[in-house]
Amino acid sequence: MRQARAAAVKAPKSLVRMTSIAAILLNVSRRTLIRSLLSTAPRVYSIRRYTERGIQVDSPVPGAQATLEQYTPYGPDGPPNGTKLAIFVDSALKSAVSDPRGPRRQPRGSVDKRPRLPNHAPMPTLRARFDVVVIGAGVAGLWTAARLRAQGWSVALLEARALGSGQTIASQGIIHGGVKYALTGKAGRASAMIAPMPEVWRACLENRPGCEIDLSAAKVLSEHQWIWTAGGVGARLAGAAASKVIRARAERVDADDRPAALRAAPRSVGVHRVPEPVLDPATLVEALSRHVGEHVFLIDESTLEPGIGDGGEAVIEVKDTAGAPVELRASRCVLCAGAGAEAVLARLAGRIEHQTPTMQRRPLHMLLARGDLPDLWAHCVGMSAVPRLTITSQREPDGRAVWYIGGGVAETGVERDEQAQIEAGRAALRDALPWLDTSRLEWSALRIDRAEGRTPDGSRPDEPVVGDAGAFIACWPTKLAFAPAVAREVAARLEHDNVPRRAHEGDALDALQRPGVAPLPWREAGRTWR
Ligand SMILES: Cc1cc2nc3c(=O)[nH]c(=O)nc-3n(C[C@H](O)[C@H](O)[C@H](O)COP(=O)(O)OP(=O)(O)OC[C@H]3O[C@@H](n4cnc5c(N)ncnc54)[C@H](O)[C@@H]3O)c2cc1C
């Protein structure tokens with residue numbers, strides 16, 4: 001500590017500049033900030049965001065974020081989220097200890113003057129006990145944590161990145177009622193299982209009496225979706241086969257009632273309105289996070305060690321992103337980590353007698369088109385059982401629309417590189433909406449896996465998958481829309497096993513790091529547009 005103070009005095013310029021900037025951003029006095037930095041430095045911080053102005057890191061002042069404008073050794077894309085930095089309050093303000101590019105080579109014969117973390121005494125392990133620890137704060141983890149809390153269990157929620165940062169923030173936000181699964185003309189099991197979900201969600205979105213959770217803060221982008229048929233005779237025939245289901249669950253609209261993007265379509269193009277709401281995933285995550293209480297922690301997933309205690313309880317040993325070690329014990333650990341569940345289950349496998357549930361990934365290559373476009377939330381139906389295109393849209397603050405495009409083009413596009421996928425997207429849009437000028441759009445692409453419970457043939461499960469392994473329960477909702485069903489199933493298992501409801505006990509965990517809300521894919525730092 002003495003050394004840090006001395007160094008700070010020796011290098012007042014950089015420290016003063018950094019602290020002034022940070023103090024302005026944090027709205028605290030510079031003296032407070034310096035004192036806070038000195039009392040914590042050196043310390044490992046987790047990058048939250050890389051902007052043109054600098055790096056936003058977790059702040060030493062609780063509840064705020066600091067922007068360090070002087071740290072710019074990366075290219076314009078910045079370092080990936082979650083990269084760890086050690087910020088030294090001395091002449092080496094710019095040092096990084098966990099650089100994803102690996103250690104930089106020193107020229108032969110030169111002395112390595114890069115700063116190193118001094119040997120501090122190890123931080124004491126914080127110990128606490130909850131009824132349930134939920135791992136992963138996507139829609140499944142958030143909804144489950146909220147429901148279990150509401151039913152009286154004490155819950156801690158652990159997140160490795162930001163709230164919603166996996167599939168949830170990258171989802172199209174459609175609360176499916178099953179029409180999409182009935183495009184072959186048959187309403188199968190998947191379609192039947194998901195049919196009640198829009199009504200469950202609507203009750204929550206409107207905060208009706210008796211609803212599961214108040215989601216009135218989530219933004220409903222559209223109360224319904226559209227379906228239109230594109231392409232030649234084959235596609236129309238497929239549309240006709242699907243139309244029995246569509247007729248039962250959707251309403252054909254006249255030309256005047258069509259959405260702006262489909263208004264200029266010929267009359268032969270059938271346009272149907274489907275009562276499935278479309279949500280903004282960011283405000284959904286934010287709305288859900290209001291119900292999960294204060295025990296939500298940002299952890300370093302590489303340190304997570306799941307195990308079973310002597311009494312058969314779940315034991316989670318982990319460090320937060322500042323390196324503080326924590327040991328959590330719980331009657332049950334609910335794993336809602338999406339694709340991240342694979343690694344946790346692999347670590348758990350050798351430590352428990354039970355067979356662990358298994359998962360599968362189904363990759364997508366999603367597209368983003370930005371420009372002067374009307375709003376559209378729609379499936380374009382072709383000959384296949386999968387919509388050719390599924391389009392959802394949002395507005396940027398400058399008024400431009402972003403169309404987020406999935407469906408068949410995202411499934412077949414996993415084999416294409418980014419440039420080829422963008423070309424395929426342009427062609428698909430021209431083909432499906434020939435009456436609309438889509439020639440002056442900016443494009444981007446995004447690879448992401450759908451993480452689901454494993455099925456024998458690798459196809460999409462018809463429903464959520466919830467698997468037990470001793471005190472661990474692994475969940476994959478399969479669809480955003482099924483999140484309430486996952487939470488209900490987990491609560492039912494806890495009830496069935498008579499898991500007691502007790503207040504949490506143990507050390508105070510207030511000092512641990514907290515996650516923010518993940519940015520929407522088109523607002524991610526470093527996204528490139530072509
Ligand atoms: C492109 C795309 C579009 C989609 N569109 C729709 C749609 O319109 N409608 C619909 O119903 N469904 C849709 N889905 C499916 C839906 O998004 C997912 O089923 C759902 O979001 C899964 O939620 P989850 O909470 O299980 O997982 P995720 O959302 O992936 O959340 C997992 C969380 O766990 C965290 N995590 C991972 N590992 C660890 C660890 N070791 N420790 C702590 N935290 C960890 C992650 O950071 C993440 O925050 C879509 C999926 C994709 C990929």
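About the cut-offs
Residues numbered from 1 in each chain as written. Predicted model: local features only at pLDDT ≥ 70, side-chain atom pairs only at ≥ 80, totals over all residues. Heavy atoms only, no water. Salt bridge = Lys/Arg side-chain N within 4 Å of Asp/Glu carboxyl O. Buried < 20%, exposed > 50% of the residue type's maximum accessible area, 1.4 Å probe, protein only. Near = heavy atom within 4 Å. Polar contact = N/O pair within 3.5 Å; in protein donor to acceptor, adjacent residues only side chain to side chain. Areas by Shrake-Rupley, 256 points an atom, 1.4 Å probe, with all protein chains shown as cover. Helix = DSSP H or I, 4+ residues; strand = E, 2+ residues; numbered from the N terminus. Axes fitted to C-alpha atoms, helices over the stretch in contact; angles between N-to-C directions. Parallel < 35°, antiparallel > 145°, perpendicular 65-115°, else oblique. Contact = heavy atoms within 4.5 Å. Nonpolar A, V, L, I, M, F, W, Y, C, P; charged D, E, K, R; others polar. Pairing = 2+ DSSP bridges.

1. What about the pattern of salt bridges?
Here comes step 1: Scanning all chains against the criterion turns up 33 salt bridges.
Here comes step 2: As a salt-bridge pair, D437 and R440 come within 3.3 Å of each other at their nearest N and O atoms.
Here comes step 3: R440 gets classed as exposed once you look at its relative accessible area, which sits at 68%.
Here comes step 4: Each of the salt bridges in this network shares a partner with another, and the network as a whole consists of R127, E313, E327 and R329.

2. Details of the site of the ligand
Here comes step 1: Taken together, 39 residues lie around the ligand, and E159, R161, T168, I174 and L480 are the ones closest in.
Here comes step 2: Contacts to the ligand include H176, whose side-chain N or O atom sits 3.5 Å from a nitrogen atom.
Here comes step 3: In the complex, 97% of the free accessible area of the ligand, which totals 1000 Å², lies under the protein chains.
Here comes step 4: Mapped by element, the contributors of at least two residues to the shell around the ligand are helix 4 (139-150), strand 6 (155-159), helix 5 (167-170), strand 12 (296-308), strand 15 (359-371) and strand 19 (442-453).

3. Section: the packing of helix 7 (residues 197-205) against helix 13 (residues 483-496)
How two helices pack is summed up by the angle between their axes together with the distance between the axes.
Here comes step 1: Closest axis-to-axis distance for the helix 7/helix 13 pair is 9 Å, and the angle between their directions is 90 degrees. As judged from the angle between their axes, helix 7 and helix 13 are roughly perpendicular. On helix 13, the residues that touch M197, V200 and W201 of helix 7 are A483, P484, A485 and R488.
Here comes step 2: Per-class residue counts for the contact of helix 7 with helix 13 are 6 nonpolar, no polar and 1 charged.

4. Observations concerning the environment of G467
Here comes step 1: Position of G467 relative to the elements: it lies in strand 20 (residues 465-469).
Here comes step 2: With 109 residues separating them along the chain, G467 and T358 place their C-alpha atoms 8.5 Å apart.
Here comes step 3: Residue contacts for G467: discarding those within four places in its chain leaves P357, F472, I473, A474 and R493.

5. Comments concerning the pairing of strand 21 (residues 472-476)
For a regular strand, the rule is simple: side chains alternate between the two faces of the sheet.
Here comes step 1: With 5 of its 5 residues buried, strand 21 lies for the most part within the structure.
Here comes step 2: Residues F472, A474 and W476 of strand 21 are buried on one face, and the alternating residues I473 and C475, pointing to the opposite face, are buried as well.
Here comes step 3: Relative to strand 21, strand 14 (residues 325-335) runs parallel, the two being bridged by 3 bridges. Bridge pairing in strand 21 links V334 to I473.
Here comes step 4: Pairing of strand 20 with strand 21, which is carried by 5 bridges, proceeds in the antiparallel orientation. Along strand 21, the bridge assignment pairs A469 with F472.
Here comes step 5: Joining the antiparallel neighbours strand 20 and strand 21 is a turn of 2 residues, in which G470 adopts a positive phi near 60 degrees.

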